[in-house]
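# Secondary and tertiary structure notes
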Amino acid sequence: MPRAAGGMDGRVGERLRGALGPFGFEVHAFKGLEGTSKDHLKISPTPLPEQEHLQSVTQECIQVGWYNAVLQPAFHLPYPDDTLAFVVLSTPSMFDKALKPFVNKERLKLIRDPVDQCVSCHLSRVKEKFPDQKVDVIFDYEILPSRKPKFLAQTAAHVAGAAYYYQRKDVKLDPWGKKKIYGVCIHPKYGGWFAIRGLLLFPDIQVPFLDQSAPVDCVSTEEKRIELLEQFNFHWQDGHYRDIIEVKERYSEEQKAYFATPPAERFRLLGLKSREVDFTE
């Protein structure tokens, strides 16, 4: 039976940070809430204690319904609104702290997709930290039989307070006419130099009384938002959109070269023989 969590969310969050933080992952939590605005959520910050050795890892505890409330039913997560869940991001340091050690350790095994397999390895190990809890994992690359993604990663990051999801509706004077314009998340510390990797859900933990943490609106002017969406939609290959704000950390030159290389050729950069294609960033 699901149970209400008096302080459980904070203890779960600290365990997750301890398990994933040293490997360059960042953890943000969310739960669901009825009646939330589908435009921009009126939410208040909820600070949590930091651990000195994991200061690059931050966490805001929220619920699954905050995600469901801003989406059409076809994209809802099939969990009660008060269910505790966490969005997992990879930060620039993941490449050196997690990916390269994973490849070196698994070198003799079949590696089809280094990044996805590395992330899967680390998130799957999280379950070992919670032997008495059910933990469901949804990866960013997973899709439903309908071909829809199992979750909308950028929406999840926004409602978790992890990164602000800038969309066309955030620009008052729309200059694009009938052009299709995709939105993009910007992190207040890493700009666009990060990736959303998955969700960790705790179906047996209910957190009905949590406040939601707002994402930092770090691209606050109309001009900068237009520049961001222009760069992301029409010039994404050069990566300039990632530096729309002053960032505190970005990908290393080695990491930039890896993700700029055609997927089939990335294996040689990691000292692997080409087997399958790595499509992931």
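What counts as what
Residues numbered from 1 in each chain as written. Predicted model: local features only at pLDDT ≥ 70, side-chain atom pairs only at ≥ 80, totals over all residues. Heavy atoms only, no water. Helix = DSSP H or I, 4+ residues; strand = E, 2+ residues; numbered from the N terminus. Buried < 20%, exposed > 50% of the residue type's maximum accessible area, 1.4 Å probe, protein only. Contact = heavy atoms within 4.5 Å. Areas by Shrake-Rupley, 256 points an atom, 1.4 Å probe, with all protein chains shown as cover. Expected span 1.5 Å × (residues − 1). Salt bridge = Lys/Arg side-chain N within 4 Å of Asp/Glu carboxyl O. Core = buried A, V, L, I, M, F, W, Y, C linked by side-chain atoms within 4.5 Å. Polar contact = N/O pair within 3.5 Å; in protein donor to acceptor, adjacent residues only side chain to side chain. Arc of directions from axis to C-beta.

### A few points about the overall build of the protein
- Each helix and strand counted, the protein has 8 helices and 7 strands in total.
- Residues counted as buried form 50% of the 281 residues belonging to the protein.
- Considering only contacts in the protein between residues 6 or more positions apart, those separated by 24 or more positions represent 78%.
- Working note: accessible area of the protein is about 14,000 Å², and carbon and sulfur atoms make up 53% of it.

### With respect to helix α4 (residues 114–126)
- Its 13 residues give α4 an end-to-end C-alpha distance of 19 Å, which sits within 8% of 18 Å, the value for a rise of 1.5 Å per residue.
- Inspection of α4 places Pro114, Val115, Asp116, Cys118, Val119, Cys121, His122, Leu123 and Val126 among the buried residues, and these make up the whole buried set.

### Things to note about the environment of alanine 29
- With respect to the helices and strands, the residue alanine 29 is situated in strand β2 (residues 25–30).
- The exposure class assigned to alanine 29 is buried, which follows from its relative accessible area of 0%.

### A word on the pattern of salt bridges
- Applying the stated criterion across every chain, the model contains 10 salt bridges.
- Residues arginine 17 and glutamate 14 are paired through a salt bridge, measuring 3.9 Å at the closest nitrogen-oxygen approach. Here glutamate 14 and arginine 17 lie together in helix α1 (residues 8–20), a separation of 3 residues that amounts to about one turn.
- A salt bridge links glutamate 265 to arginine 268, with the shortest nitrogen-to-oxygen separation between them at 3.8 Å.
- On the basis of relative accessibility, which here comes to 39%, the residue glutamate 265 falls in the partly exposed class.
- A relative accessible area of 55% places arginine 268 in the exposed class.
- Because the salt bridges share partners, they merge into one network encompassing Asp96, Lys100 and Glu254.

### Side note on the nonpolar core
- Ranked by internal contacts, the top residues of the largest apolar core, which has 50 residues, are Leu16, Leu20, Phe86, Leu200 and Phe202.
- Discounting residues that sit within four places of it in the chain, phenylalanine 202 has contacts with Val12, Leu16, Thr83, Leu84, Phe86, Phe130, Gln133, Lys134 and Val135.
- The next biggest cluster of nonpolar side chains, apart from the first, holds 25 residues, and it includes Ala85, Leu89, Phe151 and Ala156.

### Concerning the side chain of arginine 266
- Checked against the element boundaries, arginine 266 lands in helix α8 (residues 266–269).
- Within the structure, arginine 266 has its side chain in polar contact with the backbone oxygen of phenylalanine 259 (distance 3.0 Å).

### Quick notes on helix α3 (residues 94–105)
- In this model α3 runs 15 Å from its N-terminal to its C-terminal C-alpha over 12 residues, within 8% of the 16 Å that 1.5 Å per residue would give.
- Listed as buried for α3 are Met94, Phe95, Ala98, Leu99, Phe102 and Val103. The arc that holds every buried residue of α3, seen down its axis, measures 120°, which confines them to one face.

### Quick word on unusual backbone geometry
- Not every positive phi belongs to a glycine, and arginine 147 is a case in point at roughly 80°.
- On the secondary structure map, arginine 147 appears in the loop between β4 (136–139) and α5 (153–159).
- The exposure class assigned to arginine 147 is exposed, which follows from its relative accessible area of 63%.

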